[in-house]
Amino acid sequence: MLSRFRSLVVALTVAILSGQTACTGAPEPLEARIRRVTTAIDDARLTTADRDTANWLTYGRTYDERRHSPLDQISDTNVDQLGLLWSLELGTKRGLEATPIVVDGVMFFTGTWSVVHAVDARTGSLIWRHDPGVPRDKAKYFCCDVVNRGVAVYKGKVYSGVLDGRMIALDAATGAPVWSVWTVDTTMHYSITGAPRIVKGRVVIGNGGAEYGVRGYVSAYDAETGKLEWRVYTVPGDPSRGFESPALETAASTWSGEWWTAGGGGTAWDAIVYDPELDLLYIGTGNGSPWNRHVRSPGGGDNLYLASILALNPDDGTLVWHYQTTPGDNWDYTATQPLMLADLAIDGEMRQVIMQAPKNGFFFVLDRKTGEFLSARPYVDVTWATGIDMAGRPLENPAATVTEAFLVSPGPGGAHNWMPMSFDPASGLVFFPAREEWFVHNPDSNWTYDSRTWNMGIDVGIFVDLPEHLVPPDPTEELVAWDPVAQEARWRVPMDAPWNGGTLSTAGNLVFHGTATGKLVAYRTTDGEKLWEGDTGTGIIAAPVTYLVDGEQYVSVLAGWGGPPLLFNEPAFRIAAKRGGRLVTFALGGMAALNLPPKVERPPPVPAIEVAATPDEIKEGNRLYGYHCIVCHGMDAVSGGAVPDLRYASKETHERFEDIVLGGALRTNGMPPFARQLSSEDVRLIQKFVLAKATAAQRDATAASP
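Basis of the calculations
- Residues numbered from 1 in each chain as written.
- Predicted model: local features only at pLDDT ≥ 70, side-chain atom pairs only at ≥ 80, totals over all residues.
- Heavy atoms only, no water.
- Core = buried A, V, L, I, M, F, W, Y, C linked by side-chain atoms within 4.5 Å.
- Buried < 20%, exposed > 50% of the residue type's maximum accessible area, 1.4 Å probe, protein only.
- Contact = heavy atoms within 4.5 Å.
- Pairing = 2+ DSSP bridges.
- Helix = DSSP H or I, 4+ residues; strand = E, 2+ residues; numbered from the N terminus.
- Axes fitted to C-alpha atoms, helices over the stretch in contact; angles between N-to-C directions.
- Expected span 1.5 Å × (residues − 1).
- 1 Å grid on protein atoms, 1.4 Å probe; cavity = no way out; pocket = protein on both sides within 12 Å on 5 of 7 lines; lining within 4 Å.
- Points joined across faces, edges and corners; volume = space filled by probe spheres on them.
- Nonpolar A, V, L, I, M, F, W, Y, C, P; charged D, E, K, R; others polar.
- Disulfide = S-S within 2.5 Å.
- Polar contact = N/O pair within 3.5 Å; in protein donor to acceptor, adjacent residues only side chain to side chain.

Draft legend 1. Quick peek at the nonpolar core. With 95 residues, the main nonpolar core has F108, V158, Y159, L281, F512 and Y547 as its most contacted residues. With sequence-adjacent residues up to four places away left out, Y547 is seen in contact with A54, N55, L71, W86, V102, M107, A121, E552, Q553, Y554, S556 and T585. Y282, I309, W384 and M421 belong to the second-largest nonpolar core, a separate cluster that totals 49 residues.

Draft legend 2. Looking closely at the sheet that holds strand 28 (residues 422–424). With antiparallel pairing, four strands are arranged side by side in an open sheet as 28-29-31-32. Pairing within the sheet leaves two strands with one partner each, and these edge strands are strand 28 and strand 32 (488–494). In this sheet, neighbouring strand axes are inclined to one another by 30° on average, regardless of whether the strands run parallel or antiparallel. Sheet topology places strand 31 (residues 476–483) next to strand 32; six bridges connect them, and they run antiparallel.

Draft legend 3. Fine view of the pairing of strand 21 (residues 339–346). Most of strand 21 sits out of view: six of its eight residues are buried. Pairing geometry for strand 21 and strand 22 (residues 349–356), over eight bridges, is antiparallel. Counted as the bridge partner of L344 is R351 from strand 22. Adjacent in sequence and paired antiparallel, strand 21 and strand 22 are bridged by two residues, among which D347 carries a positive phi angle near 55°.

Draft legend 4. Representation of helix 11 (residues 680–704) in the model. Look at helix 11: 36 Å from first C-alpha to last across 25 residues, which is about the 36 Å you get at 1.5 Å a residue. Here the buried face of helix 11 lies against helix 7 (615–628), helix 9 (651–655) and helix 10 (657–661).

Draft legend 5. Spatial organisation of the layout of surface pockets. In this structure, the second largest pocket encloses a volume near 1100 Å³. Together, 31 residues line the second largest pocket, and K578, V600, R602, G640 and G641 are the ones closest to its centre. Taken together, the residues of the lining of the second largest pocket break down into 11 nonpolar, nine polar and 11 charged.

Draft legend 6. Local environment of the state of the cysteines. The final tally for this structure, using the stated rule, is zero disulfides. Free cysteine: C629, not disulfide-bonded; nearest cysteine sulfur from C632 at 9.0 Å. Residue class for C629 comes out buried when judged on its relative accessible area of 14%. Residue C632 is classed as partly exposed on the basis of its relative accessible area of 25%.

Draft legend 7. Quick look at the pairing of strand 12 (residues 202–205). Of the two faces of strand 12, the one lined by R202 and V204 and the one lined by V203 and I205 are each fully buried. Across three bridges, strand 11 (residues 197–199) lies against strand 12 in antiparallel orientation. The partner of V199 across the bridge, within strand 12, is R202. Where strand 11 folds back onto strand 12 in an antiparallel hairpin, the turn is made up of two residues, including K200, whose phi is positive at roughly 55°. Pairing geometry for strand 12 and strand 13 (residues 217–222), over four bridges, is antiparallel. Note that in strand 13 the partner of V204 across the bridge is A220.

Draft legend 8. Structural context of the environment of T39. Looking at the secondary structure, you find T39 in helix 2 (residues 30–39). Residue T39 is classed as partly exposed on the basis of its relative accessible area of 42%. Sequence-wise, T39 and R293 are 254 residues apart; in three dimensions their C-alpha atoms are separated by 48 Å. In this view, T39 contacts K155 and G156; residues no more than four positions away in its chain are not counted. Within the structure, T39 has its side chain in polar contact with the backbone oxygen of R35 (distance 2.5 Å).

Draft legend 9. Summary view of unusual backbone geometry. For the bond from L304 to Y305, the omega torsion is 5°, close enough to zero to count as cis. Considering the arrangement of structural elements, one finds Y305 in the loop between helix 5 (293–296) and strand 19 (308–312). Cis geometry marks the peptide bond from S409 to P410; its omega dihedral reads 0°. In this structure, P410 sits in the loop between strand 27 (406–408) and strand 28. A positive phi angle, close to 55°, is found at N303, a residue other than glycine. Here N303 shows up in the loop between helix 5 and strand 19.

Worth remembering: the numbers are spatial, not functional.
Next comes the structure, spelled out in structure tokens:
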């Protein structure tokens, strides 16, 4: 109650001092206020964002992307008084990954399908909403889930990368489009899920789609006009067409065969960080196309600049230095995971460093001015390499590089994925979720490129009947407090389920972290003791933010579990909460209640039609389902809830099965046609597999009933 009273007093004082009371004149119209406060976000304001403790002005709060707030009104001594202040239902069951931007009480963020929202951070009321109109049947070509990680705000505009490859600029006050440009070749299956960054008047954005055979690059657009200023490719193209830069000509010597026919990959789909002091722009690059290097580059080579950290000149994109975290990447070990800048005392010397915990399981510390390797240690169990030598090159495990099935760790989901990490300068600790995850790496020597489907170069048919010695253990996950100087964990907290959210640290000696089971949790920075948790109603994968509204500290997070675990719906992930998506905000003394939709318990599925099927037909249907359907409809035809569970398909649906799968009868619902990938016989076998899974579920339920 004291918190609510203090907020009222502060708000009244601000109103009196600004002359906006009923006695002295009408309050400033909302649209005018938003335009005024967002127009003030310029290069100087972004460069000095750390001094602006009240706001969250860019993706990582500051250019160094430490995600640490100096606010301490909420601390380890009173965090137990946190309560829900307000929540906003977003009407989606898909993943919510965005980090909100907060400017003087106005919050901007993206939801599913790249929909941009502006919200009053005081009340949670929607100010405007912009849907860019992404065709729903494009979801087939988006890895992974119809997600987006956020916007940038600059000089009165809100910038957002759209799933289908556009970059849009919106009027921050109204949400009206200002300009829109295509950043990709629309004949290729590119996508954008990352948040743009503003650097020296330019909007910088990368893209995704490596599994669909694209060539990665990063683009910079004039923030005012949308004009392309420069573009940097991350891997070399066809040598017969020449090279765009000397750096790419050098890179080409590390490739072999005709890699360009499958694009090469190397997409920069997430990490973009700017250092205004050194005037360097850092980019993280992704995996190769396909994953399997034996067919991607059959003569060997490091395949630059896959799985690398690139330092670029922000004025023209020229490469200054590079460091490759996984030379010749063979396991989908992207280096697109968050990059973070800090100054650390290493061996008695202060070093300007860049840090990353990429998918491959090693925590890297580099000199960010020169790219010099300083240190790396594994933060999870690693089987693909035995260590990293003094020069910074991984020592590959020979068993992990052969062309036979091998149980590799980490798996393609990574020991740490895109979930943001935070750094507390007082303790010197970095906080991030770390996952023990294994995968059967089964190279396919007969792989051929097909732009219509995933290009992994991996034979997934082995999963239909997996040999016992290759059955991986269930994944586990911990919240880790990592000492980047000593290269060791200071503390670890086990999670109830894998695939948890990003982190936020504050000067209140707190680390906030969202969980897959739907809780926003506060831990004590120094020892990891759990001090508070708040219910959000659904699993969290995004990272929380904190800011001041009328002098009071708030903590907000987007809650909406999604990504590959939701779509694939692997059994180990099925305990995560998946009840719709919302934006939730907590404050000291908050007493609101979540208005959650009721849980619906579905009866066991009943096969809608009877179709005779042999065990071999069901097995082949399972294999085809695994190649074409599992990405959306879930493992074993058990949906995670984002799309229909095919075991419950109606008689009418089954009667139209071929028309739906091949003809696109439900295209407008997001179900694309597969006429170019599947035959009528293939569809018949998939249908038999789905019906067999419905029969099995019904049988299991009957056996379990008393």
